[in-house]
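Each chain, letter by letter, is given below.
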Number of protein chains: 2
Amino acid sequence: MNKEFHLTDILAFEQRFRATFINSLGGFKSLALIGTRSREGNTNLAIFNSLFHIGANPPLFGFIVRPDSVDRHTLNNILETGEFTVNHVREVFYEKAHQTSARYPSDISEFATTQLTEEYKAGYYAPFVKESHIQIGAHFTQKIDIQENGTIMIIAKIKSVSIPEDCIQTDGFVDLEKAGTITVSGIDSYHRTEKIARLAYAKPFIKTSELNSL
Amino acid sequence: MNKEFHLTDILAFEQRFRATFINSLGGFKSLALIGTRSREGNTNLAIFNSLFHIGANPPLFGFIVRPDSVDRHTLNNILETGEFTVNHVREVFYEKAHQTSARYPSDISEFATTQLTEEYKAGYYAPFVKESHIQIGAHFTQKIDIQENGTIMIIAKIKSVSIPEDCIQTDGFVDLEKAGTITVSGIDSYHRTEKIARLAYAKPFIKTSELNSL
């Protein structure tokens, strides 16, 4: 039996209940650790679940930064240095990934407290997460202030990607499930996935068909 | 063995290969059908995988519209009427959901071609998808043009939510897995999920713990 909630009901929810409820509604979400390093050299690692694809040429994506202290370290470092890393989360370290959401002071690195490993690559000032199978080096492009509630959108360009070679199919598709990437719902519920199928490009009036393995 | 791709490699990819590759990198994504209705009364249904949470108070989310003809019907209807519906996709109708991405002319409704059922609710001009267990009524708030590549971001406010009552936990968390919501990677790979755990709110220097069932 479905229950209907109207805006007045939602606004009357207790604050944490509402946050948990509304955060669930967007469906399953991308899950990534964003690695940054301040100009003074302090590293920071923070979990994000709001990455979204913007375009492939140039390769662009965005994510939302909330106006609170945890995310501020990430935001400040990105604005200071113009650079950050995006690291997919695997099941073997999802608890460490979650722990990065705790409000550590800015001089304490989440790499140290979670024992995730900083990996440095030529041409990058910001650290990657060595335990991640899919690592993206990104360059800050634009900051958009969302007037309605003071959140900030960061738009970034992909500079480099590191992926297990056997996870890349012949048409360019990256098999995230094979790479061990997991997903999240709400802000704290972690899920592995099980593939149903890939479907072929849809054409009007032609029945949907499965893509064979590539 | 990981393979590294740099921006120059990515820009040199064949166009479709690049689109498929870059679309995969954001991780697993939300999957929803957006229902709209033009001022003349034509309904439209389109699949989107770029929904992201912006805030809970007021309840806001966003999604990306690509500057091509399929998405244009959705965009035009939203801008004309200020209103749309978001409907979660379940495994039993994911092929129909995918089929809505075909480029039908604007006077042909994807509801008719896919045989998904229009559901009308008091106070809403736009149709919901009757087969969806989680339905959100949304009101257009803001349009942001992304200069870098001509895509458009729509920001919207949640006006109402319909959810199976037994999928709402006592702390407000909505159990999407129980509601049958599935996820997508890339633009065409559909996945069901299997819960690993919900984790408690993270605090500095305290070991991450599981949340008990609520």
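Because the structure is a prediction, the values reported are computed rather than measured.

### Observations concerning the overall build of chain A
Regarding its fold elements, chain A presents 6 helices and 12 strands. Over its C-alpha atoms, taken along the principal directions, chain A stretches across nearly 60 × 50 × 30 Å. The 214 residues of chain A split such that 50% are buried. A separation of at least 24 residues holds for 60% of the contacts in chain A among residues at least 6 apart in sequence.

### Details of the confidence of the model for chain A
This prediction gives chain A a mean pLDDT of 95; 97% of its residues lie at or above 70. Interface scoring of the predicted complex returns ipTM 0.95; its pTM is 0.96.

### Focus: the interface of chain A and chain B
A common way to report how large an interface is uses the accessible area buried once the components associate. Between chain A and chain B, the contact holds 92 residues from the first and 92 residues from the second. Top contributing element to the side of chain A that touches chain B by residue count: strand β12 (residues 189-198) of chain A, with 10 residues. Residue classes in the side of chain A that touches chain B are distributed as 44 nonpolar, 30 polar and 18 charged. Note that β12 of chain A and strand β12 (residues 189-198) of chain B share 9 bridges and pair antiparallel. Looking at β12 of chain B, one finds that Ser189 of chain A is bridged to Arg198 of chain B.

### A look at the relation of the copies chain A and chain B
One chain copy maps onto the other through a rotation about an axis and a shift parallel to that axis. The transformation that overlays chain A on chain B combines an axial shift of 0.0 Å with a rotation of 180°, and the residual RMSD is 0.0 Å. These values place the two chain copies in the arrangement generated by a two-fold rotation axis. Interface overlap between copies: 100% of the residues of chain A at the interface are likewise at the interface in chain B, consistent with a symmetric, same-surface contact.

Conventions adopted
- Residues numbered from 1 in each chain as written.
- Chains lettered and ligands numbered in written order.
- Predicted model: local features only at pLDDT ≥ 70, side-chain atom pairs only at ≥ 80, totals over all residues.
- Helix = DSSP H or I, 4+ residues; strand = E, 2+ residues; numbered from the N terminus.
- Buried ≥ 20, exposed ≤ 12 C-beta atoms within 10 Å, placed from the backbone.
- Contact = placed C-beta atoms within 7 Å.
- pLDDT = per-residue confidence, 0-100.
- Nonpolar A, V, L, I, M, F, W, Y, C, P; charged D, E, K, R; others polar.
- Pairing = 2+ DSSP bridges.
- Least-squares fit on C-alpha atoms with pLDDT ≥ 70 in both.

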